[in-house]
Amino acid sequence: MNTPGVLSFTQQAWEQVLAKAKRAVVYLDAACAESLHWGCGSSRLLEAVGSPACYLREFEPAAVGGGAEQPKAVFVLSSLLKGRIVETLRDIICRSHFQYCVVVTAVNHAVHLTANHVPAAAAAELEGQQPVFEQLEEKLCEWMGNMNYTAEVLHIPLLLAPVAPHLALTPAFASLFPLLPQDVHILNSARPDRRRLGSLAEVDATALTPELLLQIRCLVSGLSSLCEHLGVREECFAVGSLSRIIAADLANFAPAKNRRKTATGRASVVFVDRTLDLTGAVGHHGDNLVEKILAVLPQLPGHTNDVMVNMVELTALQAEEENQNVLVPGCLSQSNDPAAKALWEALLNTKHKEAVMEVRRHLVEAASRENLPIKMSMGRVTPGQLMSYIQLFKNNLKSLGNHCGLLQLGLATVQTLKHPQTAKWDNFLAFERLLLQSTGESTMSVVLNQLLPMIKPLNQRTNDDYSPEELLVLLLYIYSVSGEFSVDKDLGEGEEKVKKALAQVFCEESELSPLLQKITGCDSSINLTFHKSKSAVDELFTSLRDIAGARNLMKQFKSVYVPGNHTHQASYKPLLKQVVEEIFNPERPDSVDIEHMSSGLTDLLKTGFSMFMKVSRPHPSDHPLLILFVVGGVTVSEAKMIKDLVPSLKPGTQVIVLSTRLLKPLNIPELLFATDRLHPDLGF
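About the thresholds
Residues numbered from 1 in each chain as written. Predicted model: local features only at pLDDT ≥ 70, side-chain atom pairs only at ≥ 80, totals over all residues. Heavy atoms only, no water. UniProt positions renumbered as here; feature names shortened; annotations may be inferred. Salt bridge = Lys/Arg side-chain N within 4 Å of Asp/Glu carboxyl O. Helix = DSSP H or I, 4+ residues; strand = E, 2+ residues; numbered from the N terminus. Pairing = 2+ DSSP bridges. Axes fitted to C-alpha atoms, helices over the stretch in contact; angles between N-to-C directions. Contact = heavy atoms within 4.5 Å. Phe/Tyr/Trp six-rings, centres within 6.5 Å; stacked < 30°, edge-to-face > 60°. Buried < 20%, exposed > 50% of the residue type's maximum accessible area, 1.4 Å probe, protein only. Parallel < 35°, antiparallel > 145°, perpendicular 65-115°, else oblique. Left-handed = near helix turned anticlockwise from the far one by under 90°. Nonpolar A, V, L, I, M, F, W, Y, C, P; charged D, E, K, R; others polar. Expected span 1.5 Å × (residues − 1). 1 Å grid on protein atoms, 1.4 Å probe; cavity = no way out; pocket = protein on both sides within 12 Å on 5 of 7 lines; lining within 4 Å. Points joined across faces, edges and corners; volume = space filled by probe spheres on them.

Going by what an unreviewed UniProt entry lists, the protein chain is known as Sec1 family domain containing 2 and is assigned to Moschus moschiferus. What UniProt records for the protein chain under Sequence similarities (unreviewed entry) is the sentence "Belongs to the STXBP/unc-18/SEC1 family."

Following this line, the structure appears as structure tokens:
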């Protein structure tokens, strides 16, 4: 393989799984399936199994067991082997005829010791031993019904879904999201009065819930394995309160100490809290086709980062709604198709207009290679033109097979361009630009008054009007871009008008979406009274004020808003751009907002001596590799911006963008109003 990177890390991990999979029934959980999907594709697993597709199954309590002719099973799991996960393993094995079981976990043994409350000192003495895995191996033999059968439990770091060479995601941590000030109140409710936290700045690892702390440790386990694969000793930095806890945990992760001693390369890992800038996540200024595809096409079931592409146009079926479930959907990930993969990477790295032209070019070249009767047309690319090229492949099975990946991306493009929500994208963009100009020139109450006429109940809305969920996206944009503002009588009145209008809209919905159910606590609009709705909207505005104040603790990165003047309009400057520019500032100042996390006594001494001796503190621009991890999700446009910006500021520096998930605007309200942020479900 070439230079180690996110793709080689993922593929190397999956090669270890594939080596165990021959003639096995393979059970995968959703996060591992997503890693496989982007890393090497399910076809590689099917080849390794060498059996029919029914030998691949979802890991769940109701999963079908193995029959008499299926003696071998491989379980591929992203989670800790504990609680409900182990119970599900037991149930599947007990109703099967397995004689050989392999259980793969993405979480290393040291974290299993932590999860089983083994003290750090005792865990250190167990170095090289794996008692938790050995005990489970005995249990597996017991459940198979014969202690002479074979059982293996092993750790393979299946952490990443590599979307591109510069961008990878962590599907198992898609719900991990930074804390807000309101979370401090919840944490305080479990603490004695004298140990109450004053703000997010005081939240450290000891203040977190055991579940969240363990979730962070599982993530750190995977990131440590990535650094080992890359052959680097990492310096950890953080921007934001949850990032500070994750960075400190990685810096002090005991199993990493030995590998760092022998690592020849160096890297800076910078964690950034998404909540410090939600403007970039909910805004529509990213001129990128992939962002629009992700926003308008339905999500691929079980996935957080891919969509369903309707393939009916390539069949003889009528394009009726009832036929949509007959066909297996297409998708964006084409990990085993070099031509489609090249197009996908081009779509990630170009603007909307160039991307659409690139899709046309690839379709024309593919049709020409297959000698299909193509009619060339220049000028503006239209959905109809692209569809006419795609349909040339329709009745030619050989050509269809040769270019299946390209055709899926082509259809995704056509379906997005024709989608009514895509036309609305420009409406969002226009209103956001208007809000940017208003923010500098007017008070917050005036800005909210501009939104008020757009809040319409169901019976008054047309397709061009905003749904309740879309109104939440606009409110998040307003509060995030504004940042801290002074609260006065006018603002109170302005907010109250918007709250009442929004509460009324919620009540008049014919059906509550999953997001509105979460916000209101009602599963049906019939049960939603105005009083309940108004209480929910009041809480929602508490969250919005938290978002507005998210950068209060920053000294340098206090604003993402750039006021206009007589030559320039007001604009938005992404926090991630500010962070990267600060990292590579040629003056190399000690940034107050990019905190270095020491990894032991040597680092602490270095930091202490630097106060009165010429000892240079670690700086994130010191190393040839920068790994930027956005906690809470990243957009395609942000990843491209970072990828292009870093080499322009410091040529020769390699950058990898990692994040918990790819974001579309509606994801942010879902993550913000998730009820399990402090208590993630770890399966036990």
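Enquirer: Can you help me understand the pattern of salt bridges in this one?
Expert: As a working rule, side chains carrying opposite charge can pair if their charged atoms are close by. A full pass over the atoms with the stated rule returns 27 salt bridges. Linking Arg90 and Asp91 is a salt bridge whose minimum nitrogen-to-oxygen distance equals 3.2 Å. Here Lys139 and Glu142 are joined by a salt bridge, their closest N and O atoms 3.9 Å apart. Of the two residues, Lys139 and Glu142 are both situated in helix α7 (residues 131-144); the distance of three residues between them amounts to about one turn of the helix. Beyond isolated ion pairs, a larger network of salt bridges with shared partners links Glu496, Lys499, Lys534 and Asp538.

Enquirer: How do you make sense of the sheet that holds strand β3 (residues 72-77) when you look at a structure like this?
Expert: Within a sheet, each strand pairs with its neighbour through backbone hydrogen bonds, oriented either parallel or antiparallel. Strand order in the open sheet formed by five strands is β2-β1-β3-β4-β5, with parallel pairing between adjacent strands. The sheet terminates laterally at β2 (56-58) and β5 (150-155), the two strands that pair on one side only. For this sheet the average axis-to-axis angle between neighbouring strands, irrespective of direction, equals 15°. Where strand β1 (residues 25-28) meets β2, three bridges bridge the pair, whose relative direction is parallel. By the bridge assignment for β2, Tyr27 is matched with Arg57. In the packing of helix α4 (residues 84-94) onto the sheet, the strands contacted are β1, β3 and β4 (100-105), and the crossing angle to β3 comes to about 160°.

Enquirer: What's the story with the packing of aromatic side chains in this structure? I'm lost.
Expert: The description of an aromatic ring pair uses the distance of the two centres, along with the angle that the planes make with each other. In total, this model carries seven aromatic pairs according to the counting rule given. Judged by centre distance (6.5 Å) and plane angle (80°), the ring pair of Tyr27 and Phe98 falls under edge-to-face. Highlighted residues: Tyr27 in strand β1 and Phe98 in the loop between α4 and β4, separated in sequence by 71 residues. Between the aromatic rings of Trp38 and Trp344, the centroid separation amounts to 5.7 Å while the plane-to-plane angle is 40°, which identifies the pairing as tilted. Taken together, the residues span a long stretch of sequence, with Trp38 in helix α2 (residues 30-39) and Trp344 in helix α14 (residues 338-348) at a distance of 306 residues.

Enquirer: How do you make sense of the side chain of His112 when you look at a structure like this?
Expert: Within the fold, His112 resides in helix α5 (residues 109-115). Of the residues examined, His112 reaches a relative accessible area of 1% and is grouped as buried. Not counting residues within four places of it along the chain, the set of residues in contact with His112 comprises Leu80, Leu81, Thr105, Val107, Val132 and Phe133.

Enquirer: Teacher, can you tell me more about the environment of Lys532 here?
Expert: Positionally, Lys532 belongs in helix α24 (residues 530-548). When the C-alpha positions of Lys532 and Gln578 are compared, they lie 41 Å apart, and in sequence the two are 46 residues distant. Filtering out sequence-adjacent residues up to four positions away, Lys532 remains in contact with Cys522 and Asn527.

Enquirer: Can you walk me through unusual backbone geometry in this structure?
Expert: As a rule of thumb, non-glycine residues mostly have phi less than zero, and peptide bonds are mostly trans rather than cis. A positive phi angle is found at Asn371, which is not glycine, with a value near 55°. Topologically, Asn371 is positioned in the loop between α15 (352-369) and α16 (383-390). One non-glycine residue, Arg588, lies in the positive phi region at around 50°. Within the secondary structure layout, Arg588 lies in the loop between α25 (575-583) and β12 (595-597).

Enquirer: Where do I start with the packing of helix α19 (residues 420-441) against helix α21 (residues 468-482) in this structure?
Expert: A pair of packed helices can be characterised by two numbers: the angle between their axes and the separation between those axes. Orientation of α19 relative to α21, taken along the N-to-C sense of each, is 30°, at an axis distance of 11 Å. As judged from the angle between their axes, α19 and α21 are roughly parallel. Between α19 and α21 the crossing geometry is right-handed. Where α19 abuts α21, its residues Gln421, Lys424, Phe428, Phe431, Glu432, Leu435, Leu436 and Thr439 lie against Glu470, Val473, Leu474, Tyr477, Ile478, Val481 and Ser482. Within the contact of α19 with α21, the residues separate by chemical class into nine nonpolar, three polar and three charged.

Enquirer: Help me understand the sheet that holds strand β13 (residues 625-631), please; the structure alone is not making it clear to me.
Expert: Taken in spatial order, the seven strands make up an open sheet running β6-β7-β14-β13-β9-β8-β12, and their pairing is mixed. In this open sheet, the two edge strands, each paired with only one partner strand, are β6 (161-164) and β12. Going across the sheet, the axis of each strand differs from the next one's by a mean of 25°, ignoring polarity. Contacts from helix α9 (residues 210-230) reach β8 (232-239), β9 (265-273), β13 and β14 (654-659) within the one sheet, and its direction differs from that of β13 by about 165°.

Enquirer: Sorry if this is basic, but what is going on with α19 here?
Expert: The periodicity of an α-helix, 3.6 residues per turn, causes residues three or four positions apart to be oriented the same way. For α19, with 22 residues, the first-to-last C-alpha span of 33 Å sits near the 32 Å given by 1.5 Å per residue. Those residues of α19 that sit buried are Thr422, Lys424, Trp425, Phe428, Leu429, Phe431, Glu432, Leu435, Leu436, Gln437, Ser438 and Thr439.

Enquirer: Explain empty space enclosed by the protein to me, please; I cannot follow it from the model alone.
Expert: Unoccupied space between atoms shows up once a probe the size of one water molecule is rolled over them. One pass over the full model with this rule turns up four cavities of 30 Å³ or more. Residue composition of the lining of the largest cavity, by class: five nonpolar, four polar and two charged. Estimates place the volume of the second largest cavity at around 60 Å³. Across the lining of the second largest cavity, the residue classes break down as seven nonpolar, two polar and no charged.

Enquirer: What is the right way to look at the environment of Gly410 in this model?
Expert: With respect to the helices and strands, Gly410 occurs in helix α18 (residues 404-418). With 23 residues separating them in the primary sequence, Gly410 and Met387 have C-alpha atoms 8.0 Å apart. In contact with Gly410, other than residues within four places in its own chain, are Val359 and Ile390.

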